[in-house]
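# Working through the structure, step by step
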Amino acid sequence: MASDPAAAAPRSHPVDPPPVRRMVPRDRHEPHRVATPLELFFDLCFVVAVGQAGRELAHSLAAGHYGDGLRGYALAFFAIWWAWMNFTWFASAYDVDDVPYRVTTLVQIAGVLILAAGVPRLFATQDLTLAIAGYVVMRLAMVTQWLRAAASEHGLARRVALGYAVGITLCQVGWVVMLFLPQGARPYAVPVGVLCELAVPVIAELRLRTAWHPHHIAERYGLFTLIVLGETVAAATVAVQSAVDEHEGLGRLVPVAVGGLLICFAAWWIYFARPVHEHLRSNRQALVWGYGHYLVFGSAAAIGAGLEVAVESAVHKAHISATAATATVTVPTALYLATVWFLHSRHTKRGAVAQSVAPVGAVLVLACTALGDSGVLAAGLVCALMVAVGVLVHGLESRRAQAGRPNRGAGADG
């Protein structure tokens, strides 16, 4: 991959960026690499679309429209996550922070806001027009970034950049063509489009990987997880406030609120208990880790939607049973716990006890579904117990290490 002396030095991000820079790859081992203000702004704007998808999912589930709600959520969240993910990995390798780079990123933000505006139509009538328009805006803006990178590269690195640009462009042509297909054919065309999108990075980086920075990538994913969890807490808080204002059923809502908070607190604790950047040593590891976060982000946001449904059920506004309402919280919570264990925890733990905490906890959370109205509180208590057991195991192991005893297990989280 092409190199440049300026690329090896840490780059500052001034308020007034340079007019234009050569888009050369950044140093993969650059010290003190952190997220930039533009990246943080990018994340915050994307969460607008996440919140919109979560609200529509909550409305669908509360009405008992499980199939339509889950299909709409899966597709809307894929569009949000995939555009975010592609920008994140590109920025980790090629962020030059010049005027064209910033303007193109702002265009991508405009695209996600268009997508967010189209989410209600996607859920209500399966109208994909506005959502696809926003998605195409985001993705074509990404194409211009890759073309800039290709113009500054040579050899294999240039082929990688052009491979991305061509692959993304062909996918967008496919999405636009899909709008002209009969309504009945679209459910079959959508999975094909998703698979094509997922294949672009795999094919483009077969022979050479881009210069993404492991610590920077881990931080970016962690920050987005934080923002999604924050959106979950906010959605649940608004739901509780609205229910209290309309029904004054505070006594029925307290268990849901307490259980929801415990779940969110545990979700944060478990995700950030161990640093993961050292695991991201190759594209093969990073691919599974990066793609797997579709389930991490999606389930974290779905917990918030589930808590909204649980609140509506507590005040008898939902058109589903108490058990079904509880399942809207326990199922995404269990999926979150299992996925975070698979992507994070299992790589840093040793010993059967430490490795089993999260899988067992996920099963127990699912079992809480059968408790009906009290299931959310029970699930929250299970999550809190997972954290406590993890901390206890980690403390015992630390004492063994200090005493010079053999290392027989480790774990600081579920």
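Predicted, not measured: the structure shown is a model, and the values here were computed from it. (Residues numbered from 1 in each chain as written. Predicted model: local features only at pLDDT ≥ 70, side-chain atom pairs only at ≥ 80, totals over all residues. Heavy atoms only, no water.)

### Describing the pattern of salt bridges
Pairing between side chains becomes possible if they bear opposite charge and their charged atoms approach one another. Counted according to the given criterion, the structure contains eight salt bridges. Shared partners join several salt bridges into a network, and the residues in it are E39, D43 and R220. (Salt bridge = Lys/Arg side-chain N within 4 Å of Asp/Glu carboxyl O.)

### Details of the environment of L198
With respect to the helices and strands, L198 occurs in helix α7 (residues 186–204). Between the alpha carbons of L198 and T330 there is a distance of 29 Å; along the sequence they are 132 residues apart. Residue contacts for L198: discarding those within four places in its chain leaves F78, W81, W82 and Y291. (Helix = DSSP H or I, 4+ residues; strand = E, 2+ residues; numbered from the N terminus. Contact = heavy atoms within 4.5 Å.)

### Digging into the confidence of the model for the chain
Residues of the chain with pLDDT of at least 70 account for 91%, and the chain-wide mean is 87. Across residues 1–10, where pLDDT falls below 50, the model places 25 contacts with residues more than four positions away in sequence or in other chains. Predicted confidence for residues 407–414 stays below pLDDT 50, and this span has 40 contacts to residues more than four positions away or in other chains. (pLDDT = per-residue confidence, 0-100.)

### Regarding the packing of helix α2 (residues 37–62) against helix α3 (residues 66–94)
It is the contact of α2 with α3, at a shortest axis distance of 8 Å, that shows an interaxial angle of 170°. When the interaxial angle is binned, α2 and α3 end up roughly antiparallel. Judged by residue contacts, E39, F42, D43, F46, A49, V50, A53, G54, L57, S60 and L61 of α2 engage Y66, G69, L70, Y73, A76, F77, I80, A83, W84, F87 and A91 from α3. When the residues that make up the contact of α2 with α3 are grouped by side-chain class, the tally is 17 nonpolar, three polar and two charged. (Axes fitted to C-alpha atoms, helices over the stretch in contact; angles between N-to-C directions. Parallel < 35°, antiparallel > 145°, perpendicular 65-115°, else oblique. Nonpolar A, V, L, I, M, F, W, Y, C, P; charged D, E, K, R; others polar.)

### Brief notes about helix α10 (residues 283–314)
Between its first and last C-alpha atoms α10 spans 46 Å; for 32 residues at 1.5 Å apiece the expected length is 46 Å, and the two agree. Of all the bends found along α10, the most pronounced is centred on H293 and spans about 25°. Once α10 finishes, H316 follows within two positions and takes phi at roughly 60°, a positive value. (Expected span 1.5 Å × (residues − 1). Bend = angle between axes of the 7 residues up to and from the residue.)

### Topic: the packing of α2 against α10
Contact pair α2 / α10: the axes reach a minimum separation of 8 Å and the direction vectors enclose 40°. Viewed along their axes, α2 and α10 adopt a mutual orientation that is oblique. Where α2 crosses over α10, the two elements pack in a sense that is right-handed. Contacts from V50, G54, R55, L57, A58, L61 and A62 in α2 reach A301, A302, A305, E308, V309 and E312 in α10. Per-class residue counts for the contact of α2 with α10 are nine nonpolar, one polar and three charged. (Left-handed = near helix turned anticlockwise from the far one by under 90°.)

### Details of the packing of aromatic side chains
The final tally for this structure, using the stated rule, is 27 aromatic pairs. Measuring from centroid to centroid gives 6.1 Å for F77 and Y294, while their planes differ by 70°, and the two rings are edge-to-face. Taken together, the positions of F77 in helix α3 and Y294 in helix α10 put the pair 217 residues apart, joining distant regions of the chain. Given the relative accessible area of 1%, F77 is considered buried. Their ring planes at 5° and their centres at 4.1 Å tell us that W146 and Y164 sit as a pair that is stacked. Separated by 18 residues along the polypeptide, W146 in helix α5 (residues 129–152) and Y164 in helix α6 (residues 155–178) bring together distant segments of the chain. Above the plane of the ring of W212 lies R28, whose end atom (NZ or CZ) is 4.0 Å from the centre. R209 extends its terminal NZ or CZ atom over the ring of W212, reaching a point 5.4 Å from the ring centre. (Phe/Tyr/Trp six-rings, centres within 6.5 Å; stacked < 30°, edge-to-face > 60°. Buried < 20%, exposed > 50% of the residue type's maximum accessible area, 1.4 Å probe, protein only. Lys NZ or Arg CZ within 6 Å of the ring centre and 35° of its normal.)

### Considerations on a nonpolar patch on the surface
A cluster of nonpolar residues, L226, W268, W269, F272 and V391, forms a patch on the protein surface that exposes about 450 Å² of accessible area. Ranked by the residues each element gives to the nonpolar patch, the list is headed by helix α9 (residues 250–272), at three residues. Here F272 lies in helix α9. Of the residues examined, F272 reaches a relative accessible area of 33% and is grouped as partly exposed. (Patch = residues over 30% accessible without salt bridge, like charges linked within 9 Å, V, L, I, M, F, W, Y side chains within 5 Å. Areas by Shrake-Rupley, 256 points an atom, 1.4 Å probe, with all protein chains shown as cover.)

### Focus: the side chain of T225
Examined against the element boundaries, T225 turns out to sit in helix α8 (residues 214–247). By relative accessible area, T225 is classed as buried at 1%. T225 has contacts with Y271, F297 and Y336, leaving out every residue within four places of it along the chain.

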